[in-house]
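# Residue-level structural notes
Here is what each chain is made of, one letter per residue.
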Amino acid sequence: MFVDRVKIHVKGGDGGDGKVSFYRAKYITHGGPDGGDGGKGGNVVFVGESGMSTLMDFRYKRKFVATPGEPGGKRNCFGKDGEDIIIKVPVGTVIREAESGKVMADITMAGEEKSPHPRRQGRQRQSALCNPTRQAPRYAE
């Protein structure tokens, strides 16, 4: 069976949360904020494959979600970035948005990579929100 039109759901990974943490040591009072940034979310990448001629693979698996980024840690440690998800499509595939019909990507050559959805950034740590007025905020993004 030849399938040339499919409707799939694609979602990039969410960014990780920032960390709320304060530096603590035995002889240091008011150590200050030291939470880390969250990791970036995974990206959805479409790759042209010369060996494919139909979209039959997408008839049964229609949902593709990239992994989210991990939250930040103590001591200004950044969270791990999410893994990218690679979707192989035949050469000549046109990727459109469902509601508007706007062309988001057009795969014309084998090995060509297109990412219609940008990855999501991780959220900021607590120490990035410091300023002279609010020196130790008790929240993060």
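Residues numbered from 1 in each chain as written. Predicted model: local features only at pLDDT ≥ 70, side-chain atom pairs only at ≥ 80, totals over all residues. Heavy atoms only, no water.

### A look at the pairing of strand E2 (residues 44–49)
E2 sits mainly inside the fold: 5 of its 6 residues count as buried. Bridging between E2 and strand E4 (residues 85–90) involves 6 bridges; their strand directions are parallel. Within E4, the residue paired with Val-44 across the bridge is Ile-85. With 2 bridges joining them, E2 and strand E7 (residues 113–114) adopt antiparallel strand pairing. Following the sheet pairing, Phe-46 is matched in E7 by Lys-114. (Buried < 20%, exposed > 50% of the residue type's maximum accessible area, 1.4 Å probe, protein only. Helix = DSSP H or I, 4+ residues; strand = E, 2+ residues; numbered from the N terminus. Pairing = 2+ DSSP bridges.)

### What to know about the layout of surface pockets
Empty space within the largest pocket amounts to approximately 780 Å³. Around the largest pocket sit 23 residues that line it, and Val-6, Lys-7, Ile-8, Ile-95 and Arg-96 are the ones nearest its centre. Looking at the lining of the largest pocket, the elements with two or more residues in it are strand E1 (9–11), E4 and strand E5 (94–96). Per-element accounting of the lining of the largest pocket gives the leading share, 3 residues, to E5. When the residues that make up the lining of the largest pocket are grouped by side-chain class, the tally is 14 nonpolar, 4 polar and 5 charged. (1 Å grid on protein atoms, 1.4 Å probe; cavity = no way out; pocket = protein on both sides within 12 Å on 5 of 7 lines; lining within 4 Å. Points joined across faces, edges and corners; volume = space filled by probe spheres on them. Nonpolar A, V, L, I, M, F, W, Y, C, P; charged D, E, K, R; others polar.)

### Re the sheet that holds E2
As summarised here, the arrangement of the 3 strands in space is E4-E2-E7, forming an open sheet in which the pairing is mixed. The sheet is open, and its two borders are formed by E4 and E7, each paired with just one other strand.

### Some thoughts on the pairing of strand E6 (residues 103–106)
Remember that side chains alternate between the two faces of the sheet whenever the strand is regular. As defined by bridge partners, E5 adjoins E6 across 3 bridges and the pair is classed as antiparallel. From the neighbouring strand, Ile-95 faces E6, where its bridge partner is Ala-105. Where E5 hands over to E6, the hairpin turn is made up of 6 residues, of which Gly-101 adopts a positive phi near 80°.

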